[in-house]
Amino acid sequence: MKRILILSALVATSVGLTACSRETPEVVNNTAAASVGGPSAPATAGPAGDGSTFTGLPKAKAPDYVGRWIGVEGMYLTIKHAATPGRYRMEMQWDLDHKGEFRGEQVGDTIVFERNGVRETLRPTIGDATGLKYLAGKTECLTVKSGEGYCKT
């Protein structure tokens with residue numbers, strides 16, 4: 001009986017030391033997992049701040065849209081990184097008469113910006129989705145709305 005109690009105490013102590021350790025063990029035996037949080041407890045966890053989730057899988061990175069995008073009839077969009085991650089500086093000519101510079105913010109796989117008091121969204125599409133015949137067949141495009149789109153050349 002004393003041997004079982006001593007063995008149980010050693011297992012509990014080693015599990016406690018492992019849980020406090022900054023290193024994550026590669027293999028967790030069923031006894032340790034059951035005593036910590038049950039058999040469904042995750043076996044691995046990334047260190048805080050390394051960009052991984054509690055399951056050890058890396059977070060998906062948002063696409064990078066930096067560069068020059070071409071529209072029709074002289075329309076263009078130039079996207080540059082701003083000082084803050086996830087923010088952009090954009091210069092665009094969206095029709096024959098209007099040209100401007102805007103600040104954008106990445107939201108998922110889109111860039112949200114305000115133009116003339118209207119909140120607009122650049123979303124990734126293909127050329128056919130822009131509604132512009134000149135961009136049909138292109139595969140890497142950004143669309144604001146039907147009739148306003150830009151594609152990589």
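Counting restarts for each chain: residues are numbered from 1 in the order of the written sequence. Only residues with pLDDT of at least 70 get local features here, since the model is predicted, and only at 80 or more are side-chain atom pairs given and counted; chain-wide, interface and lining totals rely on the full set of residues. Computation of side-chain values: all heavy atoms of the structure, hydrogens and water removed.

1. Notes on the overall build of the protein chain
When its secondary structure is counted, the protein chain shows two helices and eight strands. Think of it this way: any DSSP run of H or I at least four residues long counts as a helix, any run of E at least two long counts as a strand, and we number them from the N terminus. Secondary structure elements in the protein chain, listed N-terminal to C-terminal, are α-α-β-β-β-β-β-β-β-β. Of all 153 residues assigned to the protein chain, the portion counted as buried reaches 28%. For the protein chain, the proportion of contacts with a sequence separation of at least 24, taken over those separated by at least 6, is 24%. Per element, the accessible surface of the protein chain, about 10700 Å² overall, is 56% carbon and sulfur. Here's how the labels work: a residue is buried when its accessible area is under 20% of the maximum for its type, exposed when over 50%, partly exposed in between, all with a 1.4 Å probe on protein chains only. In this analysis, two residues are considered to be in contact whenever any of their non-hydrogen atoms come within 4.5 Å of each other. Here the Shrake-Rupley method, with its probe set to 1.4 Å, supplies the accessible areas, and only the displayed protein chains count as covering residues.

2. Structural notes on the pairing of strand 8 (residues 148-151)
Residues Glu148 and Tyr150 point to one face of strand 8 and Gly149 and Cys151 to the other, with burial holding for every one of them. Here strand 7 (residues 141-145) runs beside strand 8; their pairing, made up of four bridges, is antiparallel. Bridging across to strand 8, Cys141 finds its partner in Cys151. One bridge is not enough; two strands pair if DSSP finds at least two bridges between them.

3. Some details on the packing of aromatic side chains
Note on ring pairs: Phe, Tyr and Trp rings are taken, using the six-membered ring of Trp, and paired if centres are within 6.5 Å. Classes follow the plane angle, with under 30 degrees stacked, over 60 edge-to-face and the rest tilted. Taken as a whole and assessed by the stated rule, the structure comprises three aromatic pairs. Ring centres of Tyr65 and Trp69 lie 6.3 Å apart, and the angle between their planes is 65 degrees; this geometry places the pair in the edge-to-face category. A relative accessible area of 6% places Tyr65 in the buried class. An aromatic cluster is defined as three or more aromatic residues linked by ring pairs; in this entry it consists of Trp94, Phe102 and Phe113.

4. Focus on the confidence of the model for the protein chain
Per-residue confidence from the prediction method is given by pLDDT, with values spanning 0 to 100. In this model, the protein chain carries an average pLDDT of 75, and 59% of its residues clear a pLDDT of 70 or more. Under a pLDDT of 50 for its full length, residues 15-54 has, in the predicted model, 28 contacts with residues more than four places off or in other chains.

5. Structural notes on the environment of Gly104
Within the element layout of this structure, Gly104 appears in strand 4 (residues 99-107). Those residues in contact with Gly104 that lie beyond four places of it in its chain are Gly86, Arg87, Tyr88, Met90, Ile111, Val112 and Phe113.

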